[in-house]
Amino acid sequence: MEGKTVISSFHQFPNESLSEALERFRGLLRKTPTHGFSEPIQLNMFIDGLRPQTKKLLDASAGGKIKLKTLEEATELIKNMSASDHVILRDIVHQPIKKILLELSSHDALLAQNKLLSKQLEILTETLGKLPTKLSIGQCTHSSVLQVTGCTIYGEAHETGQCIPIEENTQEVHYMGNQ
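Residues numbered from 1 in each chain as written. Predicted model: local features only at pLDDT ≥ 70, side-chain atom pairs only at ≥ 80, totals over all residues. Heavy atoms only, no water.

Caption draft 1: Highlighting the overall build of the protein chain. What the protein chain contains, in helices and strands, is eight helices and zero strands. Mapped from its N terminus to its C terminus, the protein chain presents α and β elements in the order α-α-α-α-α-α-α-α. Going through the 179 residues of the protein chain one by one, you find that 22% of them count as buried. A fraction of 54% describes how many contacts in the protein chain between residues 6 or more apart in sequence connect residues 24 or more apart. Accessible surface, the protein chain: about 13700 Å² in total, of which carbon and sulfur atoms supply 61%. (Helix = DSSP H or I, 4+ residues; strand = E, 2+ residues; numbered from the N terminus. Buried < 20%, exposed > 50% of the residue type's maximum accessible area, 1.4 Å probe, protein only. Contact = heavy atoms within 4.5 Å. Areas by Shrake-Rupley, 256 points an atom, 1.4 Å probe, with all protein chains shown as cover.)

Caption draft 2: Geometry of helix α2 (residues 18-31). Counted at 1.5 Å a residue, the expected span for α2 with its 14 residues is 20 Å, and the 20 Å between its end C-alpha atoms agrees. Looking at α2, one finds that the buried residues are L18, S19, A21, L22, F25, G27, L28 and L29. Tucked inside the fold, the buried residues of α2 contact α1 (3-8), α3 (39-48), α4 (52-62) and α5 (71-83). (Expected span 1.5 Å × (residues − 1).)

Caption draft 3: Up close: the nonpolar core. Of all hydrophobic cores here, the largest spans 21 residues; its most connected members are I7, F25, F46, L58, I66 and I78. In terms of residue count, the dominant contributor to this core is α2 (six residues). Those residues within four positions of F46 in sequence are excluded, and the remaining contacts are F10, L18, A21, L22, F25 and I78. (Core = buried A, V, L, I, M, F, W, Y, C linked by side-chain atoms within 4.5 Å.)

Caption draft 4: Representation of the confidence of the model for the protein chain. The predicted model of the protein chain has a mean per-residue pLDDT of 76, with 62% of residues at 70 or higher. Note on residues 89-94: pLDDT under 50 across the span, and 20 contacts to partners over four residues away in sequence or across chains. Taken as a whole, residues 141-148 scores under 50 in pLDDT and shows one contact with residues more than four places along the chain or in a different chain. (pLDDT = per-residue confidence, 0-100.)

Caption draft 5: Up close: the environment of F46. Summarising the element assignment, F46 is placed in helix α3. Separated by 38 residues in the primary sequence, F46 and S8 have C-alpha atoms spaced 8.5 Å apart.

Caption draft 6: How the structure looks around unusual backbone geometry. Phi angles above zero are rare outside glycine, and N15 is one such case at about 60°. Mapped onto the elements of the fold, N15 is located in the loop between α1 and α2. The partly exposed category is assigned to N15, whose relative accessible area is 32%.

Right, dumping it as structure tokens:
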């Protein structure tokens, strides 16, 4: 990225203190001495690139909006705060909090449930729509199986002439049991 673009798109990093951000911003200005930004524009770009929590702390220290202060007052305030902010102004609040995910209105929760139920109903309707096709296929094969099998002598599930007398079966079982 071009030096001017890097300066104008400056943003404070997560867990970066005000003093670290200020030093990094000054370094960007030094790297591109021909940037052409006036001091008031530089100050505005720096303040706009700060995280919301850091801006709130600057505004509170300024007794209002820091951007409403003169260039000298705002610059002095930022210098003074950055001199003692190594731990104080680290923006831990910037890290996402899972609690936000749980903050749903009852209306949102009902909409989510409705969407889920609609999806389940759609899937069920689709499955039931395919059921008559599956049943008709199943009935054709089932009826053809019933017509082919059946013994007229013993009434078992084998063709006539393929009979095995029941008495022999029981004797075989007893015989195998004796061994």
